Amino acid sequence: MKLYSRMLAAGGLAAVAGLTAVPAQAQAPAYPTRSITMIVPFAAGGPTDVIARIVTAHMAQTLGQTIIIENVVGAGGTTATTRAARATNDGYTLITGHMGTHAASVPLYPKLAYHPEKDFEPVALLAGTPILILAKKDFPPKDLKEFVAYVKANADKVNAAHAGVGSVSNVSCELLNSVLGIKPVGVPFNGTGPAMNALVGGQVDYMCDQIVNAVPQVKGGTIKAYAIATPERNPSLPDVPTTKEGGLPDFQAQAWNAIFAPKGTPPEIVAKLNAAVVKALDDEGVRKRLLDLGSVIPATAERTPASLAALVKSEVAKWTAVVKPVAN
């Protein structure tokens, strides 16, 4: 009190103004003070939606606020991603993106309204999701070698389902078709969930999909799984051989899902969101749910915003060399 009185006497009202201004500037506003919207760029029930719901449920407990999942479909996820890029950068609108929306979309869409590296703040990697070669349960081939021979011989008759141009299911199957040297008819859906329903119903022949979306159906025998496009078999589907084991070593593909915020989101908010993700991925219940679905949980060093930024940069370069632009 004595020091405060001397400062008042020395500086008068100017000193008072200075003293009252400092605490107001130093005290950052609390975050979050209301619910957060997490945009998922595909229909409910797909792999990105499932992973987002598992992780954000735990994040909401940590942050003390509800996280509302908003499914926005269209254009292989780029419609929702454009919306997220243009959202207010206050931490209350986020997006769960993936390899398609934040990498392959760049070479696919020359007039893309956003750029993954320039228009977003990376928050954290959520999970890796290996790709499976799947088919309807009565598709004639018995194994991967027969599958390759069959689709090559019937390339003008077979069709491949996907969740829209630029989606993981689309670009990964484009990679497969490129390896096989075929161009089957593509059948787009508004999300991987609807595409999987069509495969289960026998309305389409085959698709390339993230393991998260396929484990229950493969185990239930409602679809066939010919191979997993990773170097090792996955514990959730131990009987499904790798593409290398099946004679197709050139087809290797693993997708990923991650959280992004609009560019310019304050670093302290990004840090708080990242910490909530890290805590979620360390939770035994969350880990079990993700692992049971075949997800690959990133190591601690891979969960930082900087690590995610590096991943996006490398993935954009990778898919730019693989995919071709769609017609304008």
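Residues numbered from 1 in each chain as written. Predicted model: local features only at pLDDT ≥ 70, side-chain atom pairs only at ≥ 80, totals over all residues. Heavy atoms only, no water.

Digging into the packing of helix α9 (residues 267–282) against helix α10 (residues 284–292)
α10 packs onto α9 with a crossing angle of 75 degrees between their chain directions and a minimal axis gap of 5 Å. Here α9 is positioned roughly perpendicular relative to α10, judged by the angle of their axes. On the side of α9, the interface is formed by Ala280, Leu281 and Asp282, while α10 contributes Glu284, Val286, Arg287 and Leu290. (Axes fitted to C-alpha atoms, helices over the stretch in contact; angles between N-to-C directions. Helix = DSSP H or I, 4+ residues; strand = E, 2+ residues; numbered from the N terminus. Parallel < 35°, antiparallel > 145°, perpendicular 65-115°, else oblique. Contact = heavy atoms within 4.5 Å.)

As for the nonpolar core
The biggest cluster of nonpolar side chains holds 50 residues, and the ones touching the most others in it are Val55, Met59, Leu132, Leu134, Ile259, Leu273 and Leu290. Discounting residues that sit within four places of it in the chain, Met59 has contacts with Ile67, Ile259, Leu273, Ala276, Val277 and Ala280. Val72, Leu112, Leu176 and Ala253 belong to the second-largest nonpolar core, a separate cluster that totals 49 residues. (Core = buried A, V, L, I, M, F, W, Y, C linked by side-chain atoms within 4.5 Å. Buried < 20%, exposed > 50% of the residue type's maximum accessible area, 1.4 Å probe, protein only.)

Looking at the pairing of strand β1 (residues 36–40)
β1 sits mainly inside the fold: five of its five residues count as buried. Where β1 lies against strand β2 (residues 67–71), five bridges are found, and the strand directions are parallel. If you follow Ile39 over to β2, its bridge partner there is Glu70. Regarding topology, helix α2 (residues 47–63) serves as the crossover connection from β1 to the parallel β2, and that connection is right-handed. (Pairing = 2+ DSSP bridges. Right-handed = clockwise from strand over helix to strand, strands pointing away.)

Some points on the side chain of Thr129
Tracing the backbone shows Thr129 in strand β4 (residues 120–136). A distance of 2.7 Å separates the side chain of Thr129 from the side chain of Gln210, its partner in a polar contact. What Thr129 contacts, discounting residues up to four positions off in sequence, is Ile51, Gln210, Val212, Gln254, Ala255, Trp256, Asn257 and Ser295. (Polar contact = N/O pair within 3.5 Å; in protein donor to acceptor, adjacent residues only side chain to side chain.)

Considering the state of the cysteines
Per the stated rule, a full pass over the model turns up one disulfide. Sulfur-sulfur distance for the disulfide between Cys173 and Cys208 comes to 2.3 Å. Taking the torsion about the S-S bond as the criterion, the Cys173 to Cys208 disulfide, at about 75 degrees, is right-handed. One end of the pair, Cys173, is in helix α6 (residues 168–180); the other, Cys208, is in strand β7 (residues 206–210), and 35 residues separate them in sequence. Owing to a relative accessible area of 0%, Cys208 belongs among the buried residues under this scheme. (Disulfide = S-S within 2.5 Å.)

Focus on the pairing of strand β6 (residues 185–188)
One face of the sheet, then the other: side chains in a regular strand alternate in exactly this way. Direction of pairing for strand β5 (residues 159–162) relative to β6: parallel, over a ladder of four bridges. Paired with His162 across the two strands is Pro188, which belongs to β6. Traced from β5 through α6 to β6, the parallel crossover comes out right-handed.

Re the packing of aromatic side chains
Under the definition given, this model contains seven aromatic pairs. On the numbers, 6.1 Å between centres and 70 degrees between planes, the contact of Phe120 with Phe260 is edge-to-face. Here Phe260 lies in strand β9 (residues 254–262) and Phe120 lies in strand β4, a separation of 140 residues in the sequence. Summarising the burial analysis for this pair, Phe120 and Phe260 share the class buried. Summarising the aromatic geometry, the rings of Phe147 and Tyr206 are spaced 5.3 Å apart at their centres and angled 85 degrees between planes, so their arrangement reads as edge-to-face. With Phe147 in helix α5 (residues 144–153) and Tyr206 in strand β7, the pair connects residues that are 59 residues apart, well separated along the chain. Exposure remark for Phe147: the relative accessible area of 0% places this residue in the buried category. Residue classification places Tyr206 among the buried positions, given a relative accessible area of 0%. (Phe/Tyr/Trp six-rings, centres within 6.5 Å; stacked < 30°, edge-to-face > 60°.)

Some details on the confidence of the model for the chain
Here the chain averages 91 in pLDDT, and 91% of its residues register 70 or above. Scored below 50 in pLDDT, residues 1–26 shows five contacts in the model against residues more than four places distant or in partner chains. (pLDDT = per-residue confidence, 0-100.)

Here we look at unusual backbone geometry
Cis geometry is adopted by the peptide bond preceding Pro32, which originates at Tyr31 and carries an omega value of -5 degrees. Checked against the element boundaries, Pro32 lands in the loop between α1 (2–26) and β1. The backbone phi angle of Ala75 is positive, close to 55 degrees, even though this residue is not glycine. On the accessibility criterion, Ala75 (40% relative accessible area) is partly exposed.

Thoughts on the packing of α2 against α9
Look at α2 against α9: their axes get within 9 Å of each other, and the N-to-C directions meet at 120 degrees. On the basis of their axis angle, the class for α2 and α9 is oblique. For the pair α2 and α9, the sense of crossing is right-handed. Along the contact surface, α2 presents Val55, His58, Met59, Thr62 and Leu63, while α9 presents Lys272, Leu273, Ala276, Val277, Lys279, Ala280 and Leu281. When the residues that make up the contact of α2 with α9 are grouped by side-chain class, the tally is eight nonpolar, two polar and two charged. (Left-handed = near helix turned anticlockwise from the far one by under 90°. Nonpolar A, V, L, I, M, F, W, Y, C, P; charged D, E, K, R; others polar.)

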